[in-house]
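Summary of structural features
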Amino acid sequence: MLLRHARSLLFLPASNPRAIAKARTLPCDMVILDLEDAVVDEAKADARAGAVAALAEGFGSRLTGVRINVEGTPWHGADMVAMKGAAVDYVVLPKVESAKQVRDVFSVAQKPVIAMIESAKGVLAAPGIAAGEGCAGLFMGVNDLRRDLGIPAGAGREGLSHAMQAVLLAARAAGIAVFDGVYNRLDDLDGLAAECVAGHALGFDGKTLIHPGQVAVANGVFGPDAQALADARRLIEAATGGAERFEGRMIETMHVEEARALVARADAIGA
């Protein structure tokens, strides 16, 4: 599966064997083993070893990632080195504010990097980060970004709208994948669904998640709609090239390419 086809990207602590085992039974498109915020300092080394072992065992057809510890921490160097030999698809780098941070991790780990944009500096630097060597995608780190921007607790996402659009524009200009941030209220699936709908409408490829119970909602919203998929298949079959009429509307090459992209995503996730 291509990264841009992923709908649900689930973070889980690399220090929790039960969560790792459960992830192998979930319909998430990507599993991200977390060595950073989800792991206490004294468990970092064991979590790193556990992540490498879990990756060697595999996660079926799911994409895999490991969020390493940020530059400047005692664990950052060892995390990068461990990822070089690990059977992981992507390294997730938190708190990115420059293309150099991504390039440095890529040069050591030799794995494509997904950069987390979690600060005002990161948002402003997003175009260079996205276009830089080794960067395969961007994650919105909404919790840290809220704090950095001074958005009050409990406020909606209105204050994040400019930052979200800026990060999305940076990713699209660079031709890489981009994903909406996590939703913290674990028991509020309606709120999660509403946030997924809003993120999908903005143009995000999928959503990062923090609980298994959130996977089905993200898959449903970010997965191809059955009617849209049927329309796309008919459009592809009917198109003959150039501008033409199709079921009461004008289409051209751009619309055929969009339809093919939708079908390709559906095929990738088995929809």
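What you see as residue numbers is a count from 1 along each chain, following the sequence as written. Residues qualify for local features only when their pLDDT is at least 70, as the model is predicted, and side-chain atom pairs are given and counted only at 80 or more; totals for whole chains, interfaces and linings, by contrast, use all residues. Calculation of side-chain values draws on the structure's entire complement of heavy atoms; hydrogens and water are dropped beforehand.

What follows deals with the pattern of salt bridges. Salt bridge criterion: a side-chain nitrogen from Lys or Arg within 4 Å of a carboxyl oxygen from Asp or Glu. Counted by the stated rule, this structure contains 17 salt bridges. A salt bridge links Lys207 to Glu195; the nearest nitrogen and oxygen atoms lie 3.0 Å apart. Linking Lys207 in strand β8 (residues 206–209) with Glu195 in helix α8 (residues 189–202), this pair joins segments that are twelve residues apart in sequence. Note on accessibility: Lys207 and Glu195 belong to one class, buried. One salt bridge connects Asp231 with Arg234, and the closest N-O pair in it is separated by 2.6 Å. You can see Asp231 and its partner Arg234 sitting in helix α10 (residues 226–238), three residues apart, about one turn around the helix. Numbering of helices and strands starts at the N terminus; helices are DSSP runs of H or I of at least 4 residues and strands are runs of E of at least 2. Each residue is placed in one exposure class: buried if its accessible area under a 1.4 Å probe, protein chains only, is under 20% of its type's maximum, exposed if it is over 50%, and partly exposed if it falls in between.

So, about helix α4 (residues 99–109). All of the buried residues along α4 are Gln101, Val102, Val105 and Ala109. The buried residues of α4 occupy an angular sector of 95° when the element is viewed end-on, so they sit on one face. Looking at the packing, one finds that the buried side of α4 touches α3 (76–85), β4 (90–93), β5 (113–117), α5 (120–131) and β6 (135–140). Phi turns positive one or two residues past the end of α4, at Gln110, with a value near 55°. Directions drawn from the helix axis to the C-beta atoms are what define this arc. For this analysis, residues touch if any pair of their heavy atoms sits within 4.5 Å.

Here we come to the sheet that holds strand β7 (residues 177–180). Criterion used throughout: strands pair if DSSP finds at least two bridges between them. Sheet architecture is closed into a barrel: eight strands sit in the order β1-β2-β3-β4-β5-β6-β7-β8, paired in parallel fashion. The sheet shows a mean angle of 25° between the axes of neighbouring strands, taken without regard to direction. With three bridges joining them, strand β1 (residues 8–13) and β8 adopt parallel strand pairing. Within β8, the residue paired with Leu9 across the bridge is Thr208. Fitted lines through C-alpha atoms give the axes, limited to the stretch in contact for helices. The angle between two N-to-C directions lies from 0 to 180 degrees.

What follows covers the packing of aromatic side chains. The geometry of an aromatic ring pair comes down to the distance between the two centres and the angle between the two planes. Here a Phe, Tyr or Trp ring, Trp counted by its six-membered ring, pairs with any other such ring whose centre lies within 6.5 Å, and the pair is stacked when the planes are under 30 degrees apart, edge-to-face when over 60, and tilted otherwise. Counted by the stated rule, this structure contains two aromatic pairs. Plain terms: the ring middles of Phe11 and Phe139 are 6.1 Å apart, the flat faces sit at 75° to each other, and that makes the pair edge-to-face. Of this pair, Phe11 sits in strand β1 while Phe139 sits in strand β6, and the two are 128 residues apart along the sequence. Given the relative accessible area of 0%, Phe139 is considered buried. Aromatic ring contacts, followed pair by pair, group Phe11, Phe139 and Phe179 into a single cluster. Geometrically, a lysine NZ or arginine CZ counts as sitting over a ring once it is within 6 Å of the ring centre and also within 35 degrees of the ring normal. For the cation-ring pair, Arg24 lies above Phe59, with the distance from its terminal atom to the ring centre recorded as 4.5 Å. Lying across the ring of Trp75, Lys44 places its NZ or CZ 5.0 Å from the centre.

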